[in-house]
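Chain by chain, the residues:
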Amino acid sequence: MQALVQVRGEVDMSRGVRETMEMLNLGRVNHATLVPETDTYRGMMTKVNDWVAHGEPTEETVALLVERRAEPLEGEGDVTDEWVAENTEYDSIDALAAALVAEETTLREVGLSPTLRLHPPRGGHGGIKHPTKEGGQLGKHTTGEIDELLRSMR
């Protein structure tokens, strides 16, 4: 599973990239989504590489994001262990995070919004105009780098 975070805005974004971002459920800066690792999604990540940060997060980071930033598709309320136990087949947020990382389910399938609205990163971005190889935030991240980014945006 890959986590994608939109770090750049829509200025100078081509129509094809904008449509791909919509298909990935990314509509605004600091929104994130979790997608499976398939050829289709790999191609989409390549297309939007200059506007997003992406990488494979750990279960602990996914659990933190689900606990703090996930929202039910219908209604309002916080996502807690009780909500997960009542509305899904999983007993806790940790079990749900493990299933998400293992690609057994998706956020939408368990009744959660596929878009995670994150806080801007505490301490700022490492630069949104350069790829990770040049010290920026754009493009592919290692597991440690994407975890650090997602935890700073928790």
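In this report, the structure presented in the accompanying data block is examined. (Residues numbered from 1 in each chain as written. Predicted model: local features only at pLDDT ≥ 70, side-chain atom pairs only at ≥ 80, totals over all residues. Heavy atoms only, no water.)

Judged by nonpolar contacts, the single largest core of 32 residues is most densely connected at Val-62, Val-66, Leu-96, Leu-112 and Leu-118. Contributions of two or more residues to this core are made by strand E1 (2-6), strand E2 (31-35), helix H3 (59-69), helix H4 (81-87), helix H5 (93-101) and helix H6 (143-152). Residue contributions to this core peak at six residues, all from H5. When sequence neighbours within four positions are dropped, the list of residues in contact with Val-62 reads Met-1, Leu-34, Pro-57, Ala-97, Leu-100 and Val-101. Counting residues in each nonpolar core, the second largest holds 12 residues, with Met-13, Leu-24, Leu-26 and Met-45 among its members. (Core = buried A, V, L, I, M, F, W, Y, C linked by side-chain atoms within 4.5 Å. Buried < 20%, exposed > 50% of the residue type's maximum accessible area, 1.4 Å probe, protein only. Helix = DSSP H or I, 4+ residues; strand = E, 2+ residues; numbered from the N terminus. Contact = heavy atoms within 4.5 Å.)

Before going further, it helps to examine the pattern of salt bridges. Within the structure shown, the criterion is met by four salt bridges. For Arg-15, the salt bridge goes to Glu-19, with nearest N and O atoms at 3.1 Å. Of this pair, Arg-15 and Glu-19 both sit in helix H1 (residues 15-23), four residues apart, which is roughly one turn of that helix. You can call Arg-15 exposed: its relative accessible area is 63%. Asp-39 is the salt-bridge partner of Arg-42, the closest N and O atoms lying 2.7 Å from each other. Of the two residues, Arg-42 and Asp-39 both sit in helix H2 (residues 39-47), three residues apart, roughly one turn of that helix. Residue classification places Arg-42 among the partly exposed residues on the basis of a relative accessible area of 40%. (Salt bridge = Lys/Arg side-chain N within 4 Å of Asp/Glu carboxyl O.)

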